[in-house]
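Observations on the model geometry
The residues making up each chain are set out below.
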Amino acid sequence: MSKAERVFNFSAGPSMLPLEVMELAAEQLTNYNGCGMSVMEMSHRSKEFEAIITTAESNLREIMNIPDNYKVLFLQGGATLQFSMVPINLLRNSKKADYILTGSWAKKAAAEAKKFGQVNIIASSEERNFTYIPEVKKEDFTPDADYVHITFNNTIYGTKFRYIPDTGDIPLVSDFSSCILSEELDVSKFGLIYAGAQKNVGPAGLTIVIIREDLIGHAPANTPVYLDYKTHANNDSLYNTPPTFGIYMAGEVFKHIKKLGGVSALEKMNKEKAMKLYDYIDGSSLFRCPVEAKDRSMMNVVFVTGNEAFDKKFISESKAAGLHNLGGHRSIGGMRASIYNAMPMAGVDALIDFMKKFEAENL
Ligand SMILES: *Cc1c(COP(=O)(O)O)cnc(C)c1O
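If you're wondering where the values come from, they're calculated on a predicted model, not measured in any experiment.

The rules behind these values
- Residues numbered from 1 in each chain as written.
- Predicted model: local features only at pLDDT ≥ 70, side-chain atom pairs only at ≥ 80, totals over all residues.
- Heavy atoms only, no water.
- Near = heavy atom within 4 Å.
- Polar contact = N/O pair within 3.5 Å; in protein donor to acceptor, adjacent residues only side chain to side chain.
- Areas by Shrake-Rupley, 256 points an atom, 1.4 Å probe, with all protein chains shown as cover.
- Helix = DSSP H or I, 4+ residues; strand = E, 2+ residues; numbered from the N terminus.
- Nonpolar A, V, L, I, M, F, W, Y, C, P; charged D, E, K, R; others polar.
- Salt bridge = Lys/Arg side-chain N within 4 Å of Asp/Glu carboxyl O.
- Buried < 20%, exposed > 50% of the residue type's maximum accessible area, 1.4 Å probe, protein only.
- Domains from an automatic or database assignment.
- Contact = heavy atoms within 4.5 Å.
- Buried area = accessible area lost by both parts, 1.4 Å probe.
- Lys, Arg positive; Asp, Glu negative; His and termini not counted.
- Pairing = 2+ DSSP bridges.

**Structural notes on the site of the ligand**
In the neighbourhood of the ligand, 13 residues make up the surrounding shell, with T80, T155, D175, Q198 and K199 lying closest. A79 places a main-chain nitrogen or oxygen 3.1 Å from an oxygen atom of the ligand. For the ligand, whose accessible area on its own is 390 Å², the fraction buried by protein is 87%. Of the residues forming the shell around the ligand, the biggest block, 4 residues, is contributed by helix α3 (residues 78-90). Looking at the shell around the ligand residue by residue, the class counts come to 3 nonpolar, 8 polar and 2 charged.

**So, the pattern of salt bridges**
Tallied over the full model, the rule gives 21 salt bridges. A salt bridge links D214 to R212, with the nearest nitrogen and oxygen atoms 2.7 Å apart. A salt bridge links K276 to D349; the nearest nitrogen and oxygen atoms lie 2.7 Å apart. Of this pair, K276 sits in helix α7 (residues 262-283) while D349 sits in helix α9 (residues 345-362); the two residues are 73 residues apart in sequence, bridging distant segments of the chain. Using a relative accessible area of 37% as the deciding quantity, one classes K276 as partly exposed. Three or more residues are tied together by salt bridges with common partners; here these are R128, E135, R162, E292, K294 and D295.

**Focus on the domain arrangement of the chain**
In terms of domain boundaries, the chain breaks down into domain 1 (22-260) and domain 2 (262-362). Taking only C-alpha atoms, the centre of domain 1 and the centre of domain 2 are 27 Å apart. Facing the 26 residues of domain 1 at the interface are 26 residues of domain 2. Summed over both sides, the interface between domain 1 and domain 2 buries roughly 2200 Å², with carbon and sulfur atoms accounting for 54% of that surface.

**A look at the side chain of K273**
Take K273: it is sitting in helix α7. One buried charge, K273, has no salt-bridge partner; the nearest side chain with opposite charge is E272, at 9.2 Å. Sequence-distant contacts of K273, that is, excluding residues within four places in its chain, are made with I339, Y340, N341, M343, P344, M345 and V348.

**Describing the pairing of strand β5 (residues 147-151)**
Counting buried positions over the 5 residues of β5 gives 5, a clear majority of the element. The two faces of β5 match: Y147, H149 and T151 on one face and V148 and I150 on the other face are all buried. Bridge analysis of strand β3 (residues 96-101) against β5 gives 3 bridges, and the strand direction is parallel. In the strand pairing of β5, A97 is matched with Y147.

In structure tokens:
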């Protein structure tokens, strides 16, 4: 298939990656930098791979402006394993944790934490089907909580925090799976950030954890070795074989982001893409966005017609027009356009053109 035949892929994840990075990977696939083998075939202890992983980490530190007292870990197991590793490692004193429920992923994270300690749901938007983000204040948190957990961008419901909750001295932990590197972020406001790579960073199989050093080393003695952050921090993510090809791809994505002008340049493009799409939807007579305007995600744009038959027709006709994976999550239906970093403005324009045509034909 030629480059011209690629579709606009609005999948929530795994999702589009920058074409430039994909083409470079294709070029280097069987022989990386003249070393005579693929990254997939090389030892994770080789000089070549050591350069790949250290460069990836230093570029991520640079583009996210990660303070020196934070470790960057390249792990496996997805965001889902972090739902367990976070409580195992961070329930270190009172064994209490505060969770804010803003969607299915937040609920799954809280359910996992309950296995290891006391979970307080201090706010939830479930009563309005997760169509907004609750406001929380410092007084709302359990004073002796070991940490507070939030899901910054809610992939399924199309919401995102537009503020960082002030938790005082309580470490704030956040799932950034579907918004990492999409906008500038003050990492120092968090104790721990985690993200599966497959939405904004690279192929599935790599999970990024950014953790403040004082939160490492508190896991109980019977913690499985892989599940202890200390294991990975003490071994520079090379305790066992890391997801080597995923780290290579992520590293190339980080270089690509630097070339584009860093995260601030991406943030500007992401805002333009999302605003254009929401503006069209808000002015449309057929489509509607159920999410409160102030809490809308820049990455996952959820919309409906209010008529299930139209939604189905839209999803199948848009696919035929080269706009793939516009169906909403199986749990809520409707439509969802995931417009991560790698989705070009041309993809958003093509979607809006198609929506206008569909609206004209079906109203
Ligand atoms: C996709 C996603 C997950 C699940 O990630 P896995 O890597 O499949 O475990 C968790 N949280 C959020 C916010 C997501 O978008």
